[in-house]
Amino acid sequence: MKRTTAIAAALLLATQCALADSTRYGLDADYLYDDNASRGLYGPDRKADNILSLQGSATHSMLLGSRSGVVLRAAASYSHFNTFDDLSNLALTGRAAWRIQPGTEFYSPFFDIAGNLVWLQHADSELRDGTILTLEASAGSHVTDRVRLGGGFALEKRDGGGSAGLYDLATSRFWATLDYRFGVRNTAYARLMQVAGDHVFCSLTPGSALSPVWELDPALASGLGRAADCYRLDAKTLLWDIGLNYPLSGNRALDFALTGYSSKADGSGLKYDGMLLRASYLYRFQ
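On a predicted model such as this, the values are computed, not experimentally measured, just so you know.

(A) Structural view of the overall build of the chain. On a plain count of helices and strands, the chain comes out with two helices and 13 strands. In summary, the chain has a C-alpha radius of gyration of 20 Å against a globular reference of 19 Å for 286 residues, a match within 12%. In terms of its C-alpha atoms, the chain occupies a principal-axis envelope of roughly 60 × 40 × 35 Å. Going through the 286 residues of the chain one by one, you find that 43% of them count as buried. Once local pairs closer than 6 in sequence are excluded, the contacts in the chain between residues at least 24 apart make up 59%. Of the roughly 14,600 Å² that the chain leaves accessible, carbon and sulfur atoms contribute 62%. A distance of 6 Å separates the average location of the 27 positive side-chain charges in the chain from that of its 29 negative side-chain charges.

This is the structure:
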């Protein structure tokens, strides 16, 4: 735990040093409604929540040649959960991405390789405190001046707290995206993703027999009435979202998205699902 925290701090410091000049800054304010914030299996296990988030970021781009470059990004965010207040968290993020577009035509495909590291600290949920490391590769292309297609693959490793390692998770994910620009600068977008690997399932019904990795989660007591039994299982999640980005002026925009997700454990057939509704205000400046 101490080692991964040190790695996160080192990456963030290195990223911030690289962002010393020619830096773009951003400020995002989000409202999120999650109709199954507890990721519950059954009726009594499901509890919705309203989440408010504020994020500040700094991004720097550097050309490595005529057709390639590097983007470095550092961000800090705070998310407040209204019902499950113990899940409120501070997140520090460092990201480095390399992009190349070998062709010179407008529709020539571009390719990205990126690494992302997040350090998480919750209000009162040691099980979830820790780091998330992601390595990803993606590609995309402007099919027309209004349509862009993309897709990618990522591996993610999360290190959490607690004696049993409930949130020590390893997953992989595939995704495909579609962006459509209409009007002057409006953009509608859609994404389809599959996530496979370790998942955490929570229920008020005791479930220690379902998995050798099992712990009581007191952070869910504020919404469910008592601590929930949570266990780690191999599972797959199918996730989709659709959204709209609506610019207000040169450096401000509104962004709205609707997301649906459905997770099903391998073998046992246990599953949960839910919907997310997000509204964001985006501000960019130098």
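(B) Fine view of the state of the cysteines. Enumeration over the complete set of coordinates arrives at one disulfide. Each disulfide pairs two cysteine sulfurs, and for Cys202 the partner residue is Cys230, the sulfurs being separated by 2.2 Å. An S-S torsion of about 110° defines the bridge between Cys202 and Cys230 as right-handed. Of this pair, Cys202 sits in strand 9 (residues 186–203) while Cys230 sits in strand 11 (residues 228–249), and the two are 28 residues apart along the sequence. No difference in accessibility class separates Cys202 from Cys230, as the two residues are buried.

(C) Geometry of the packing of aromatic side chains. Within the structure shown, the criterion is met by six aromatic pairs. Ring geometry for Tyr261 versus Tyr272: centroids 6.4 Å apart, planes at 70°, classification edge-to-face. Note that Tyr261 is positioned in strand 12 (residues 252–265) and Tyr272 in strand 13 (residues 271–285), a separation of eleven residues in sequence. Each member of the pair, Tyr261 as well as Tyr272, carries the same accessibility label: buried. Feature note: the residues Tyr25, Tyr283 and Phe285 constitute an aromatic cluster, connected by ring pairs.

(D) Main features of the pairing of strand 1 (residues 24–34). As judged from the eleven bridges shared by strand 1 and strand 2 (residues 49–63), these two strands associate in the antiparallel manner. Bridge assignment links Leu27 to a residue of strand 2, and that residue is Gly56.

(E) Main features of the pattern of salt bridges. The final tally for this structure, using the stated rule, is 14 salt bridges. Residues Arg95 and Glu136 are paired through a salt bridge, measuring 3.2 Å at the closest nitrogen-oxygen approach. Of this pair, Arg95 sits in strand 4 (residues 89–100) while Glu136 sits in strand 6 (residues 130–142), placing them 41 residues apart in sequence. Classification of Arg95 as partly exposed rests on a relative accessible area of 26%. For Glu156, the salt bridge identified is with Arg173, shortest N-O distance 3.0 Å. Note that Glu156 is positioned in strand 7 (residues 147–159) and Arg173 in strand 8 (residues 169–182), a separation of 17 residues in sequence. By relative accessible area, Glu156 is classed as partly exposed at 22%.

(F) Region of the structure containing the nonpolar core. Counting 18 residues, the largest nonpolar core has Leu166, Val200, Leu220, Ala228 and Cys230 as its most contacted members. Among the secondary structure elements, those contributing two or more residues to this core are strand 9 and strand 11. In contact with Val200, other than residues within four places in its own chain, are Leu166, Tyr167, Leu169, Cys230, Tyr231 and Tyr272. If you look at the next biggest cluster of nonpolar residues, it comprises 15 residues, including Leu41, Tyr231, Ala235 and Leu239.

(G) Examining unusual backbone geometry more closely. The residue Arg39 is not glycine, and still its phi comes out positive at about 50°. Inspection of the secondary structure assignment puts Arg39 in the loop between strand 1 and strand 2. For Arg39, a relative accessible area of 25% translates into the label partly exposed.

(H) Local environment of the environment of Lys264. Within the element layout of this structure, Lys264 appears in strand 12. For the pair Lys264 and Leu244, spaced 20 residues apart in sequence, the C-alpha to C-alpha distance is 29 Å. With residues up to four places along the chain from it excluded, the contact list for Lys264 reads Phe201, Ala235, Lys236, Gly269, Leu270 and Lys271.

So, how was this worked out
Residues numbered from 1 in each chain as written. Predicted model: local features only at pLDDT ≥ 70, side-chain atom pairs only at ≥ 80, totals over all residues. Heavy atoms only, no water. Helix = DSSP H or I, 4+ residues; strand = E, 2+ residues; numbered from the N terminus. Rg over C-alpha atoms; globule rule 2.2 N^0.38 Å. Buried < 20%, exposed > 50% of the residue type's maximum accessible area, 1.4 Å probe, protein only. Contact = heavy atoms within 4.5 Å. Areas by Shrake-Rupley, 256 points an atom, 1.4 Å probe, with all protein chains shown as cover. Lys, Arg positive; Asp, Glu negative; His and termini not counted. Charge placed at Lys NZ, Arg CZ, Asp CG, Glu CD. Disulfide = S-S within 2.5 Å. Phe/Tyr/Trp six-rings, centres within 6.5 Å; stacked < 30°, edge-to-face > 60°. Pairing = 2+ DSSP bridges. Salt bridge = Lys/Arg side-chain N within 4 Å of Asp/Glu carboxyl O. Core = buried A, V, L, I, M, F, W, Y, C linked by side-chain atoms within 4.5 Å.

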